[in-house]
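Summary of the model geometry
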Amino acid sequence: MPEKCWLLYVLLILLLSSPVLLNEDVCDANLKSGETSGCGCSTSRKEEPATNHWTHENHDQISADEGKLSLDGMAFIAGGAFHIGTDEPVFVADGESPRRPVVISDFYLDTKEVSNRDFKTFVDDTGYVTEAEKFGNSFVAEYYLKDEVKQEIQQAVAGAPWWLPVEGADWRHPEGKGSSLDGRMSDPVIHVSWNDAVEYCSWAGKRLPTEAEWEIACRDGKQNRLFPWGNKWNPKGQFWGNIWTGDFPTTNTGEDGFKGPAPVDTFSQTSTGLHNIIGNVWEWTADWWQVQHQRLDEGQDSEGPRDPKGPTTGADKVKKGGSFMCHKDYCYRYRCAARSQNTPDS
């Protein structure tokens, strides 16, 4: 599965082609006004990399014994009538509102983000070269860079001086030249674009989830909750996810156990066994970005659209879940209803 803010991951989802229907995861003070400056949440490929969670649509009667697709490591998400979005948006300009009904078919979703080990298997098998590798650079937060690397950098993102373009940064070299995956094979793969994510999904026989599917999985069968487990971030003092703890962007205390990305098998967050669906790394979805959503008027079908897929075209793709670089005072997008966007080559 994929990543967030400077790491974007994508959850793998598997939709049955003939599903059994059970009745049938502020940038600064400007966030409140809808601006998204500073955290890299809305920058283009020239400014930010990304990764994802994945999904797949089955062809007629795919089964585990056919050998083409295994359901191992995937969670069954029961479909039905739900609501997505919120009537209490934090970032109005992000299109978090309104709360609106949808009907979703049953599907399967990978329980963990795509790890470096998973992605290496894909690359070894196909010879695939990511877009960050082709571009020759990607963006990394200053906090994670060595002084000698920072000294070579002459530019930064406007409004986010800590977000730096690093030569040689890619999935194999998360902090650029001299960095490696040693001891990090269980961490989520990062510097993966939406296009890269789609290639991985195709290889795995899966697909990216739609935004509606992702949000239903995040809400864990409940309505109006902020996080998969409830409305408090760390109930009874227990941490359920990996975000920035401390003062962003200068001090990360690591109170949740991590100062960077956490291994993909940490923080089980739902009753279905999904790990890190919020926090840790941003996650790509299949949908094109839009911020205008129709609220159903009285008298219209109260169940809403079935299996919505978003606009047919657009400039940016939707990403969900926030990341280990998110903080409530800075980039409070690690809520189920929160959303952000980036270009497909980011």
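Preceding block: the structure.
A brief look at the structure comes next.

Thresholds applied
- Residues numbered from 1 in each chain as written.
- Predicted model: local features only at pLDDT ≥ 70, side-chain atom pairs only at ≥ 80, totals over all residues.
- Heavy atoms only, no water.
- Phe/Tyr/Trp six-rings, centres within 6.5 Å; stacked < 30°, edge-to-face > 60°.
- Buried < 20%, exposed > 50% of the residue type's maximum accessible area, 1.4 Å probe, protein only.
- Helix = DSSP H or I, 4+ residues; strand = E, 2+ residues; numbered from the N terminus.
- Lys NZ or Arg CZ within 6 Å of the ring centre and 35° of its normal.
- Pairing = 2+ DSSP bridges.
- Axes fitted to C-alpha atoms, helices over the stretch in contact; angles between N-to-C directions.
- Parallel < 35°, antiparallel > 145°, perpendicular 65-115°, else oblique.
- Contact = heavy atoms within 4.5 Å.
- Nonpolar A, V, L, I, M, F, W, Y, C, P; charged D, E, K, R; others polar.
- Core = buried A, V, L, I, M, F, W, Y, C linked by side-chain atoms within 4.5 Å.
- Disulfide = S-S within 2.5 Å.
- Salt bridge = Lys/Arg side-chain N within 4 Å of Asp/Glu carboxyl O.

Applying the stated criterion across every chain, the model contains 26 aromatic pairs. Summarising the aromatic geometry, the rings of F122 and Y128 are spaced 5.3 Å apart at their centres and angled 35 degrees between planes, so their arrangement reads as tilted. Each member of the pair F122 and Y128 is classed as buried. For the pair F122 and Y200, a centre-to-centre distance of 5.4 Å together with 75 degrees between the ring planes defines the contact as edge-to-face. Taken together, the positions of F122 in helix α1 (residues 116-126) and Y200 in helix α4 (residues 194-204) put the pair 78 residues apart, joining distant regions of the chain. The class of F122 is buried, set by a relative accessible area of 2%. Among the aromatic side chains, those forming a connected cluster through ring pairs are F139, Y143, Y144, W162, W163, W244, F248, F324 and Y330. Geometry around W288 places K317 over its ring, the cationic atom sitting 3.7 Å from the centre.

Neither face of strand β14 (residues 317-320) is left uncovered, since the one carrying K317 and K319 and the one carrying V318 and K320 both have all their residues buried. In terms of strand pairing, strand β13 (residues 282-288) meets β14 through three bridges, oriented antiparallel. Looking across to β14, one finds that E283 is bridged to K320. Pairing of β14 with strand β15 (residues 340-342) involves three bridges; the strand directions are antiparallel. If you follow V318 over to β15, its bridge partner there is Q341.

Our focus in this paragraph is the packing of α1 against α4. Contact geometry for α1 and α4: axes closest at 11 Å, N-to-C directions at 80 degrees. Regarding the angle of α1 to α4, the classification is roughly perpendicular. Across the interface between the two elements, D118, F119, T121, F122, D125 and T126 of α1 pack against E199, Y200 and W203 of α4. Across the contact of α1 with α4, the residue classes tally to four nonpolar, two polar and three charged.

Attention now goes to unusual backbone geometry. Here the bond from S97 into P98 is cis, since omega is 5 degrees, no more than 30 degrees from zero. Residue placement: P98 occurs in the loop between β6 (80-84) and β7 (100-104). The peptide bond linking F248 to P249 adopts the cis configuration, its omega dihedral lying at 5 degrees. Locating P249 in the fold gives a position in the loop between β11 (246-247) and β12 (251-252). If you check the backbone angles, D220 has positive phi at about 55 degrees while not being a glycine. Residue placement: D220 occurs in the loop between α5 (211-219) and β11.

We now examine the nonpolar core. Core analysis: the biggest nonpolar cluster contains 47 residues, and W162, W163, I277, I278 and M325 have the highest contact counts within it. Every element with two or more residues in this core is listed here: β5 (74-77), β6, β7, β8 (107-110), β9 (137-141), β10 (163-167) and α5. In terms of residues, this core owes the most to one element, α5, which gives five residues.

Topologically, T313 is positioned in the loop between β13 and β14. Residue classification places T313 among the exposed positions, given a relative accessible area of 59%. Along the chain, T313 and W289 lie 24 residues apart, while their C-alpha atoms are 8.7 Å from each other.

As a further point, take the side chain of N116. Residue placement: N116 occurs in helix α1. The class for N116 is buried, based on a relative accessible area of 3%. Here N116 is in contact with W171, L181, R184, M185, D187, P188, V189 and I190, once residues within four sequence places are set aside.

All right, on to the state of the cysteines then. Counting across every chain of the model gives one disulfide. Sulfur-sulfur distance for the disulfide between C218 and C336 comes to 2.2 Å. Judged by the torsion about the S-S bond (-75 degrees), the C218/C336 disulfide is left-handed. One end of the pair, C218, is in helix α5; the other, C336, is in the loop between β14 and β15, and 118 residues separate them in sequence. With a relative accessible area of 0%, C218 lands in the buried category.

Bringing the pattern of salt bridges into the picture now. What the rule picks out here adds up to 13 salt bridges. D110 is the partner of K206 in a salt bridge, and the nearest nitrogen-oxygen pair spans 2.9 Å. Within this pair, whereas K206 is found in the loop between α4 and α5, its partner D110 is found in strand β8, the two being separated by 96 residues in sequence. Residue classification places K206 among the buried residues on the basis of a relative accessible area of 12%. Looking at D110, the relative accessible area reads 8%, which means it is buried. As a salt-bridge pair, K320 and E211 come within 3.5 Å of each other at their nearest N and O atoms.

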